[in-house]
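One-letter residues, chain by chain:
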Amino acid sequence: MAMVKANAYGHGLVEIAQALNDVDSLAVARTEEARMLRDAGIQRPIVLLEGIFDADGLIEASELACEMVVHCDEQIDLLCQAPANAAFIVWLKLDSGMNRLGFPIERFESLQDSLRRLSSVVELRLMTHYASADESDAHTLRQQIEKMAPVLEAFDGEISLANSPALMRDDVDGVAAGQGKHVTWVRPGISLYGLSPFDNLSAADLGLRPVMNFETRLIATKALAPGDRVGYGGRFIATAAMRIGIAAAGYGDGYPRMLPDGTPIMVDGIACQLVGRVSMDMLAIDLTPVADAAVGSHVQMWGDQLPAETIAKALGTIGYELVTRVADRVHRVIR
Ligand SMILES: *Cc1c(COP(=O)(O)O)cnc(C)c1O
């Protein structure tokens, strides 16, 4: 089950769904996203990860032939009132310790009984979500797995437990499955896009290659004298004569304004540094390491030359957030 929510983590929903043409299903957070996939002619199963929120949503989910997660009593009430022709594969979501979505595990037996009795539920499946699978200490993850074990034992049907970090670690037993008895669905997101879900392991360590190259070009170069200041507020002040380049990307494209002077950025494949505040449409780069850079030179903000995770760390966030926030106006070129 490929996670393509949030515009496929910023990579382009329809383009990625088309590229992932051999996955068994696609998962999104909103019915709007499911509609975009159906409008593009994609016929594979689509899972609504948060289910539906009202009666109109249920009709829409039915028209779009979506599978749905059911995580709260209000959603069961909606399923009870569903029109006679509505028929869903339902993923019963249990909360094994994350305390975000899902029913208490203790209610599993009675929920499964009520859901299996509904005519709008053609098949019942089971899922939970791990809160700490990316942490080097596996204690919390093991607790969640242990909580799920008796339920998996009692359940007859397809199940789904693991996100990217759970799938990629080999130090925890039973993290993906109750193997053998169950058909097991795995739910990779970030790893599909070639980013590491772990703090202490890079994508390269994991054998992943980033799918996104966030790139632009230089549109101007400029010679600075000592004391010259760069950009809004003049945050950067030249201490010696130097050359800078102005690149056509800014916070309006999803390159964060909060990035400090010195943030790495690649020009013609050579590591350079950001200077001055990022503007809406532009940013400035110290061209000292790349003497022959000129208007038209290639600039990479993150991608195969510079991991998004590195930039994310400079901001105190994760690669997930950076790639997801790449703006709509940025051209997606699929190679
Ligand atoms: C987003 C999401 C995933 C994928 O998580 P990654 O860490 O990106 O692999 C899996 N399951 C659920 C329920 C999600 O919302």
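Structure: above.
Conventions we followed
- Sequence positions are assigned chain by chain, starting from 1 and proceeding in written order.
- With pLDDT at 70 or above as the cut-off, local features in this predicted model cover only qualifying residues; side-chain atom pairs require 80 or more to be listed or tallied, and sums for whole chains, interfaces and linings still use all residues.
- To get the side-chain values, take all heavy atoms of the structure and skip hydrogens and water.
- The criterion for a residue being near a molecule or strand is simple. One of its heavy atoms has to lie within 4 Å of it.
- Two N or O atoms form a polar contact when they lie within 3.5 Å of each other; inside protein one atom must be a possible hydrogen donor and the other a possible acceptor, and for residues adjacent in sequence the pair counts only when both atoms belong to side chains.
- Methods summary: accessible areas were calculated by the Shrake-Rupley approach with a probe of 1.4 Å, and residue burial reflects only the protein chains presented.
- Segments assigned H or I by DSSP are reported as helices when at least four residues long, segments assigned E as strands when at least two residues long, and all are numbered from the N terminus.
- Under the scheme applied here, a residue whose accessible area is under 20% of the maximum for its type counts as buried, over 50% as exposed, and between as partly exposed, the area being computed with a 1.4 Å probe on protein chains only.
- The directions considered for the arc run from the helix axis to the C-beta atoms.
- We call two residues in contact whenever any of their non-hydrogen atoms come within 4.5 Å of each other.
- Strands qualify as paired when DSSP identifies two bridges or more between them.
- Axis lines are fitted to C-alpha atoms, over the contacting stretch for helices. Their N-to-C directions set the angle, which ranges from 0 to 180 degrees.
- Here a pair means two rings of Phe, Tyr or Trp (six-membered ring of Trp) with centres within 6.5 Å. Their orientation is stacked below 30 degrees between planes, edge-to-face above 60, and tilted elsewhere.

S.K.: Could you give an account of the site of the ligand, naming the residues involved and the relevant values?
M.R.: Close contacts around the ligand come from 14 residues, with K5, Y9, S164, I190 and Y320 the closest. One nitrogen or oxygen atom from the side chain of S164 is found 2.5 Å from an oxygen atom belonging to the ligand. Within the side chain of R187, one N or O atom sits 2.8 Å away from a nitrogen atom of the ligand. With the chains in place, 92% of the 390 Å² that the ligand exposes on its own is no longer accessible. At the level of elements, α1 (5-10) and α8 (164-168) are the ones that each hand at least two residues to the shell around the ligand.

S.K.: Explain helix α3 (residues 31-39) to me, using residue names and the numbers behind them.
M.R.: Turning to α3, its buried residues number three or more, namely T31, E33, A34, L37 and R38. Looking straight down α3, one finds its buried side chains confined to an arc of 155°; they lie on one side. Turned more than 90 degrees from where α3 packs its buried face, E32 and D39 sit exposed. Its buried side turned inward, α3 meets α1, α2 (13-19), β2 (26-28), β3 (46-48), α4 (55-63) and β4 (66-70). In the stretch just after α3, G41 is the one whose phi turns positive, near 90°.

S.K.: Could you give me a rundown of the sheet that holds strand β15 (residues 270-275), with the residues and numbers involved?
M.R.: The six strands are arranged β10-β13-β16-β15-β14-β17 in a closed barrel whose pairing can be described as antiparallel. Between one strand axis and the next, the sheet turns by 45° as a mean value, whatever way the strands run. By the bridge criterion, four bridges tie strand β13 (residues 242-247) to strand β16 (residues 283-286) in an arrangement that is antiparallel. Its bridge partner lying in β16, G245 is registered against I285.

S.K.: Tell me about the packing of aromatic side chains, residues and numbers included.
M.R.: A full pass over the atoms with the stated rule returns six aromatic pairs. With a centroid separation of 4.7 Å and 50° between ring planes, the pair formed by F214 and W302 is classed as tilted. On the criterion of sequence distance, the pair formed by F214 in strand β10 (residues 214-224) and W302 in strand β17 (residues 298-302) is long-range, its members being 88 residues apart. With a relative accessible area of 0%, W302 lands in the buried category. The interplanar angle of 20° and the centroid separation of 6.2 Å between the aromatic rings of Y255 and W302 together place this pair among those described as stacked. Highlighted residues: Y255 in the loop between β13 and β14 (264-267) and W302 in strand β17, separated in sequence by 47 residues. Here the two residues Y255 and W302 agree in accessibility, since each one is buried.

Remember, this is a structural readout, not a statement about activity or role.
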